[in-house]
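Summary of structural features
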Amino acid sequence: MTTDCIFCKIIAGEIPASKVYDDDRVLAFNDINPQAPTHVLVIPKRHIESLATVNPEDGDLLGHLLTTASRLATDLGLAERGYRVVFNIGEDGGMAVYHLHAHILGGRRMAWPPG
Ligand code: AMP
Ligand code: ZN
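In this report, we go over the structure that sits alongside the text. Everything numeric here is computed off the predicted structure, so don't read it as measured data.

1. Some remarks on the coordination of the zinc ion (ligand 2)
The protein atoms that coordinate the zinc ion (ligand 2) are Cys5 (SG), Cys8 (SG), His47 (ND1) and His99 (ND1), at distances of 2.0 to 2.3 Å. Taken together, the 4 donor atoms coordinating the zinc ion (ligand 2) span angles of 102 to 116 degrees at the metal, a pattern that classifies the geometry as tetrahedral. One chain supplies every donor to the zinc ion (ligand 2), and in sequence these donors are spaced C-x2-C-x38-H-x51-H. Linking Cys8 in helix H1 (residues 6-11) with His47 in the loop between strand S3 (38-44) and helix H2 (59-75), this pair joins segments that are 39 residues apart in sequence. When its relative accessible area of 2% is taken as the criterion, Cys8 is described as buried.

Right under this line is the structure:
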């Protein structure tokens, strides 16, 4: 637990969240400021700052995070029409919370290139 990290506080139960999925390694919850009809965040329970700071030893956890995102997207009914999974990294990436998270966005047509 990193004490000043809002997502670590959600994991610790100190800040409420609308949980979608929970296991021993990852947590998924609805984004508080949704950018699409479905907007879910999937985070590792262990604090990792961003995709820019992952190590080879994090591979199993990242694989679990992505396969969980895939399964959740299917369970949420997004797989047939499609959806987007986004990692924002650093300032130019538009990152606001420095605890690694995958955004699952779906339920509307996405634009490309992204803003
Ligand atoms: P990013 O810009 O990739 O760092 O995205 C951070 C995301 O976290 C944003 O989409 C926020 O709306 C979302 N967020 C921030 N605080 C909370 C919270 N307490 N509960 C749920 N989502 C949050
Ligand atoms: Zn954290």
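2. Considerations on the nonpolar core
In this structure, Val26, Ala28, Val42, Leu65, Leu72, Leu100 and Ile104 are the most contacted members of the largest nonpolar core, which totals 15 residues. Elements with a contribution of two residues or more to this core: strand S2 (26-30), S3, H2 and strand S5 (102-106). At 6 residues, the largest contribution of residues to this core is made by H2. Other than its neighbours up to four places away in sequence, Leu72 contacts Val20, Tyr21, Ala28, Val42 and Ile104. Counting residues in each nonpolar core, the second largest holds 8 residues, with Phe7, Ile10, Leu41 and Ile43 among its members.

Rules used in this analysis
Residues numbered from 1 in each chain as written. Chains lettered and ligands numbered in written order. Predicted model: local features only at pLDDT ≥ 70, side-chain atom pairs only at ≥ 80, totals over all residues. Heavy atoms only, no water. Donors = N, O, S within 2.8 Å, 3.2 Å for Na, K, Ca; no water. Tetrahedral: all angles 85-135°; square planar, octahedral: opposite > 155°, others 65-115°. Helix = DSSP H or I, 4+ residues; strand = E, 2+ residues; numbered from the N terminus. Buried < 20%, exposed > 50% of the residue type's maximum accessible area, 1.4 Å probe, protein only. Core = buried A, V, L, I, M, F, W, Y, C linked by side-chain atoms within 4.5 Å. Contact = heavy atoms within 4.5 Å.

As far as function goes, none of this settles anything; it's purely spatial.
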